[in-house]
Amino acid sequence: MMQKTLLLLMACLVSTFCYAQYPEEDPAEPILKLGGAVRFNYNLSTWKKDQLERGGDFGYDVFRLNVESEYKGIKLNAEFRHYSQAFGGAFLKQGWFQYDFSEKSQIQVGLNQVPFGIQQYNSNNWFFNITYYVGFEDDHDMGVKYIHDNGRWQWQAAYYKSAEEFVFGAAEPSPNRYSYDITGRNKENNQLDFKLVRRLGDSLAHELGTSLQAGLLYNLDTERNGTRYAAALHYEYKPTYSPWNVKLQAMLYGINPQYAAGADLNFVEMGAYGVNYNVATKGEMYTASLAYHLPIETRLLQGITFYNNYGYYHKRVSGFENTHMNVLGALFTAGPMYIYTDAAFGYNQPWLGPEWTNALASGTPGDTDWHMRFNINMGYYF
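Residues numbered from 1 in each chain as written. Predicted model: local features only at pLDDT ≥ 70, side-chain atom pairs only at ≥ 80, totals over all residues. Heavy atoms only, no water.

J.: Any chance you could break down the side chain of Asn 245 for me, citing the residues and the numbers?
T.: Position of Asn 245 among the secondary structure elements: in strand β12 (residues 244–256). There is a polar contact of 3.3 Å between the side chain of Asn 245 and the side chain of Asn 124. Separated by 3.0 Å, the side chain of Asn 245 and the backbone oxygen of Tyr 237 make a polar contact. Not counting residues within four places of it along the chain, the set of residues in contact with Asn 245 comprises Asn 124, Glu 236, Tyr 237, Lys 238, Ser 289, Leu 290 and Ala 291. (Helix = DSSP H or I, 4+ residues; strand = E, 2+ residues; numbered from the N terminus. Polar contact = N/O pair within 3.5 Å; in protein donor to acceptor, adjacent residues only side chain to side chain. Contact = heavy atoms within 4.5 Å.)

Structure, rendered in C-alpha cells:
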C-alpha cells in the first residue's frame, strides 16, 4: 500500500512539474493569408515608330505575392513584386508590422504607405495620376505610422527615417523600387507627415482632407542636409449607394538640396522601376478624377468602371515647361481578373512621350507635343 501511495505521489509531482514547464498552448491560432497577382501588358505608343510598325508589344508585367499574418495580436502585411529586369527586377513594395490598440487605432512599423493626399490611390486607372511620378501617390517609406479612425474623423502621424532603403551607407539610392523617391546624389531622411480627414454626410460619402510633410535631404557630395516640404488639400466623393466617384486634389512642394558651391541646379533626380529622371525642385499639382461603375450580371463579366483622370503639374522654376497628363479608360472586372484599358495622353510626361530625362524638369521648351500610349493591362488576382 505504501509503495502504491509513493508511486501515486511521484506521478502527481511529475505531472505538476511538467504542466509548470509546458503549459497548454495559447488558444489563439496563428492566421496566414496568401494572395497575389500575375499581370501581362499590351501597349502601343504614338511616338515609337518601330512599335507602330509591329502593331504594339505584348509581354510580361509583374508577378506579385501578398502575405497577411497575425499571431498573439501582432500583424504582418507584406507585398513582394517581381518585374522584368528592365523595370527594376525584384523588390519589396510594402512590408510592415502592425499592432491594433483598439478597433479605432493602430501602429505600423516598416515599409508602409506615407499618409499624404487621397489614399489608397489618387486615381482610378493603371497609370496613376501625375502625383505618383513625383513621389506623392501611393508612396512607401521606412518608418513608423500611427492611425486613429473613428469613422467621422481620421488622423495619421508618421516619422520616416528613410525612403525604400535597399543600399545602406554613403551610396546612391537604388532606383529599383516601386514608388518614386529622390535618388542620385541626394537621400531622403528624417521625414514627418501628418494627415487629417473629416467625413461628412449620413453615409460618410464626402471626405475632406489636409496633408503636411517635411523632411531632410542629405547630399552625398557636400555631406550636408537640405530641406523639403509638401502640403495638400483634397476632396473625395465615394458613396456606397452611388456608382459615381469624384477625386479632387491640390498640392504644392519645395525641395532645397545642398549642392556643391556653384552647382545652381533647379532639379533633383528621382527613381523607380530601375531608372532615374529629373524633377523640378518646386511646383504645384492639381488633379481631378471622375469614375462611374456599371454593374453587369453575366457569367464572364461582372462590371465596368469608366473613368477620366487629369493632372496638371505647374513647375515653379523659370523656363521650365509645365506637364499635363490625362487618362481616359475603363476597368473590366471578370471574376478574379481585372483588365485596365487606357488611352493615356501626356505632355512633358516621361512615360508618355519621347523625352525621358528632363520631361518633369525643363521639359522640351518650344518643341513639346501631346503623345498617346494605348495600354491594356490584364491581371489575375488570387
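J.: A description of the side chain of Asp 193 should follow, citing residues and the corresponding values.
T.: Within the secondary structure layout, Asp 193 lies in strand β9 (residues 186–200). Of the side chains with opposite charge, Arg 228 comes closest to the buried, unpaired Asp 193, at an N-O distance of 6.8 Å. Polar side-chain contacts of Asp 193 include one of 2.7 Å to the side chain of Gln 191. Aside from chain neighbours lying at most four places away, what touches Asp 193 is Val 114, Pro 115, Phe 116, Gln 156, Ala 157, Ala 158, Tyr 160, Leu 212 and Gln 213. (Buried < 20%, exposed > 50% of the residue type's maximum accessible area, 1.4 Å probe, protein only. Lys, Arg positive; Asp, Glu negative; His and termini not counted. Salt bridge = Lys/Arg side-chain N within 4 Å of Asp/Glu carboxyl O.)

J.: Account for a nonpolar patch on the surface, naming residues and giving values.
T.: On the surface, Phe 40, Phe 58, Tyr 60, Phe 63, Leu 65, Phe 80, Leu 92, Phe 166, Met 378, Tyr 380 and Phe 382 cluster together into a nonpolar patch covering about 1,000 Å² of accessible area. The set of elements that each furnish at least two residues to the nonpolar patch consists of β2 (57–71) and β19 (371–381). No other element matches β2, which puts 4 residues into the nonpolar patch. (Patch = residues over 30% accessible without salt bridge, like charges linked within 9 Å, V, L, I, M, F, W, Y side chains within 5 Å. Areas by Shrake-Rupley, 256 points an atom, 1.4 Å probe, with all protein chains shown as cover.)

J.: Residue-level account of the nonpolar core, with values.
T.: Residues Tyr 133, Val 134, Tyr 180, Tyr 253 and Tyr 313 are the most contacted members of the largest nonpolar core, which totals 46 residues. Among all residues touching Tyr 313, those that are not within four sequence positions of it are Ile 130, Val 134, Tyr 253, Val 279, Ala 280, Gly 283, Glu 284, Met 285, Asn 322, Thr 323 and Leu 360. (Core = buried A, V, L, I, M, F, W, Y, C linked by side-chain atoms within 4.5 Å.)

J.: Explain the environment of Val 114 to me, using residue names and the numbers behind them.
T.: Within the fold, Val 114 resides in the loop between β5 (105–113) and β6 (140–149). Sequence separation of Val 114 and Met 325 is 211 residues, and the distance between their C-alpha atoms is 23 Å.

J.: Describe the sheet that holds strand β8 (residues 181–182), with residues and values.
T.: With antiparallel pairing, the 3 strands of this open sheet are ordered in space as β8-β13-β14. Among the strands making up the open sheet, the edge pair consists of β8 and β14 (275–280). Across 6 bridges, strand β13 (residues 267–272) lies against β14 in antiparallel orientation. Residue pairing in the sheet places Ala 272 in a bridge with Val 275 of β14. (Pairing = 2+ DSSP bridges.)

J.: Run through the pattern of salt bridges, naming residues and quoting values.
T.: What the rule picks out here adds up to 16 salt bridges. We note a salt bridge from Arg 64 to Glu 79, for which the minimum N-O separation is 3.8 Å. Of the two residues, Arg 64 sits in strand β2 while Glu 79 sits in strand β3 (residues 74–83), which places them 15 residues apart along the sequence. Across this residue pair, the class does not change: Arg 64 and Glu 79 are buried. For Asp 138, the salt bridge identified is with Lys 93, shortest N-O distance 3.6 Å. With a gap of 45 residues between them, Asp 138 in the loop between β5 and β6 and Lys 93 in strand β4 (residues 90–100) connect regions that are remote in the sequence.

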